[in-house]
Amino acid sequence: MSATTDLQARFDAALMPNYGTPPVAVARGEGCRVYDADGKSYLDLIAGIAVSALGHGHPALVSAVADQTAAVAHTSNLFLHEREVELAERLVALLGGTRDEDVRVFFANSGTEANEAALKLAKRAADAGRTRIVATENGFHGRTLGALSVTGKAAIRDPFGPYGTDVVFVPHGDADALRKAVDETCAAVFVEPVQGEAGVVPAPEGYLAEVRRVCDATGAAFVLDEIQSGIGRTGHWFGHQAHGVTPDVLTLAKGLGGGLPIGACVGFGRYATAFSKGDHGSTFGGNPVACAAALAVLDTIENEDLLASAAELGTLLEHAIASIDHPLLDGVRGAGLWRGLRLSTPASAAVQSAAAAHGFLVNALTPDVVRIAPPLTISREEILEFTAALPAILEEAR
Ligand SMILES: *Cc1c(COP(=O)(O)O)cnc(C)c1O
């Protein structure tokens, strides 16, 4: 028995079966490489689902977390601490440049919690009678009951209903359907700039601007879920910045903490101050260690010019993949260092395991889409190492 199969057997016996058995047991990481329990090395092209933005063991993250843990690891929301104030100020500064209005932050511990806060915020700000939420088919907003109620994947939503919220789903990117669904009874519209879990599916040009117009015309809150697209993933701090629009409520998580759990719900304008004292809370939310980690992520993105790098290397990755002529490969989409490889047959699981055998971690996202979302610190050489191996990986998976 290898160390991996031994751990898998223990995993199967002690953990609930909701994930199935993961194929790789990660023991440690260094930069963009991770090593499994048997010492095999992999180039990490998924970064823990677009989370480990600085790769593994980045000195800025390690010292921020170690220093903060030594100073004070937890305060609860009964007390304030400087790191949460600093992080909120940084996010406000990154987001506030385009509109002359109040911008404020609530900290949670995960993406789904950030969306729970957004749902409560939209309900709090809405007049009586505005009870409906509009969301998108195949959209993903999280697994807790509120976020799940606006998640447009029937297979994961339906088994846990009925939900207390009236939600209408419209096709992602369909402006006409959106205009028909959103009216004065609508409290909020939930969208992602690029649908992540659906297969890295960008919205058509002009769609976010149309969401903005429809929300302005009807008074519904424009809630933009940037949990996967935010914090540099697309080559911009936030995906919406490429579209010249700002939402009313923005949710963040994944890449923000660089691997430490943190989520954020940002309110603009009247949504900045819609919660009153006592309306919402979290014991761990805004935890000093998670905030210190997030500050290290933001500093490092700035210091190492990782936005420009995500844009440039993302284009390199896209072009290198697009130039591969293989019957299993049907194209590549996405933005920055966030790409979906479209396959001509539902072979993504076979591609994922062939890639792992070749020493690359990628993600079988849907049956015919493989997700690539490496650390933002990945090098040109590492990207080319993967694209050079990709034809052989595809051939093995065919
Ligand atoms: C991952 C994700 C979530 C949920 O985040 P968790 O931290 O897993 O709760 C919500 N929305 C989007 C767009 C995501 O990608």
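Conventions and cut-offs
Residues numbered from 1 in each chain as written. Predicted model: local features only at pLDDT ≥ 70, side-chain atom pairs only at ≥ 80, totals over all residues. Heavy atoms only, no water. UniProt positions renumbered as here; feature names shortened; annotations may be inferred. Near = heavy atom within 4 Å. Polar contact = N/O pair within 3.5 Å; in protein donor to acceptor, adjacent residues only side chain to side chain. Areas by Shrake-Rupley, 256 points an atom, 1.4 Å probe, with all protein chains shown as cover. Helix = DSSP H or I, 4+ residues; strand = E, 2+ residues; numbered from the N terminus. Nonpolar A, V, L, I, M, F, W, Y, C, P; charged D, E, K, R; others polar. Domains from an automatic or database assignment. Contact = heavy atoms within 4.5 Å. Buried area = accessible area lost by both parts, 1.4 Å probe. Salt bridge = Lys/Arg side-chain N within 4 Å of Asp/Glu carboxyl O. Phe/Tyr/Trp six-rings, centres within 6.5 Å; stacked < 30°, edge-to-face > 60°. Buried < 20%, exposed > 50% of the residue type's maximum accessible area, 1.4 Å probe, protein only. Pairing = 2+ DSSP bridges.

- As recorded by an unreviewed UniProt entry, the chain carries the name Acetylornithine aminotransferase and is attributed to Streptomonospora alba.
- UniProt annotates the chain under Subunit (unreviewed entry) with the comment "Homodimer."
- Per UniProt, the chain has the following entry under Pathway (unreviewed entry): "Amino-acid biosynthesis; L-arginine biosynthesis; N(2)-acetyl-L-ornithine from L-glutamate: step 4/4."

### Remarks on the site of the ligand
Reasoning step 1: Around the ligand lies a shell formed by S110, G111, T112, N115, F140, H141, G142, E192, D225, I227, Q228 and K254.
Reasoning step 2: At 2.7 Å from an oxygen atom of the ligand is found a side-chain nitrogen or oxygen belonging to K254.
Reasoning step 3: Calculation on the ligand without its partners gives an accessible area of 380 Å², and the protein chains cover 81% of this total.
Reasoning step 4: Of the residues forming the shell around the ligand, the biggest block, three residues, is contributed by helix 5 (residues 111-125).
Reasoning step 5: Looking at the shell around the ligand residue by residue, the classes come out as two nonpolar, seven polar and three charged.

### Quick look at the domain arrangement of the chain
Reasoning step 1: The domains assigned to the chain are domain 1 (3-58 + 305-397) and domain 2 (72-303).
Reasoning step 2: One C-alpha centre belongs to domain 1, the other to domain 2; they are set 26 Å apart.
Reasoning step 3: Of the residues lining the interface, 27 residues belong to domain 1; the matching set on domain 2 comes to 27 residues.
Reasoning step 4: Note on domain 1 versus domain 2: buried area summed over both sides is about 2,200 Å², and carbon and sulfur give 65% of it.
Reasoning step 5: At the surface where domain 1 touches domain 2, the tally comes to one salt bridge.
Reasoning step 6: The closest approach of N and O atoms between E197 and R371, which form a salt bridge, is 2.7 Å.
Reasoning step 7: On inspection of domain 1 and its partner domain 2, the count reaches ten residue pairs in polar contact (both at pLDDT 80 or more).
Reasoning step 8: Secondary-structure elements contributing two or more residues to the side of domain 1 that touches domain 2 are helix 2 (47-50), helix 11 (306-322), strand 13 (329-335), strand 14 (338-343), strand 16 (363-366) and strand 17 (369-372).
Reasoning step 9: The dominant element in the side of domain 1 that touches domain 2, judged by the number of residues it contributes, is helix 11, at four residues.
Reasoning step 10: By residue class, the composition of the side of domain 1 that touches domain 2 is 17 nonpolar, six polar and four charged.

### Examining the packing of aromatic side chains
Reasoning step 1: Summed over all chains, the structure comprises one aromatic pair.
Reasoning step 2: Aromatic side chains F360 and F386 sit 5.4 Å apart centroid to centroid with 65 degrees between the ring planes, which places their arrangement in the edge-to-face category. Here F386 lies in helix 13 (residues 380-397) and F360 lies in strand 15 (residues 360-361), a separation of 26 residues in the sequence. Each member of the pair, F360 together with F386, is buried.

### Overview of the pairing of strand 3 (residues 41-44)
Reasoning step 1: One ladder, built from three bridges, connects strand 2 (residues 33-36) with strand 3; its direction is antiparallel. Note that in strand 3 the partner of V34 across the bridge is Y42.
Reasoning step 2: If you look at the hairpin formed by strand 2 and strand 3, you'll find four residues sitting between the two strands, and G39 has a positive phi there, around 90 degrees.
Reasoning step 3: Sheet topology note: the strand 3/strand 15 ladder contains two bridges and is parallel. Residue pairing across strands places D44 opposite L361, the latter belonging to strand 15.

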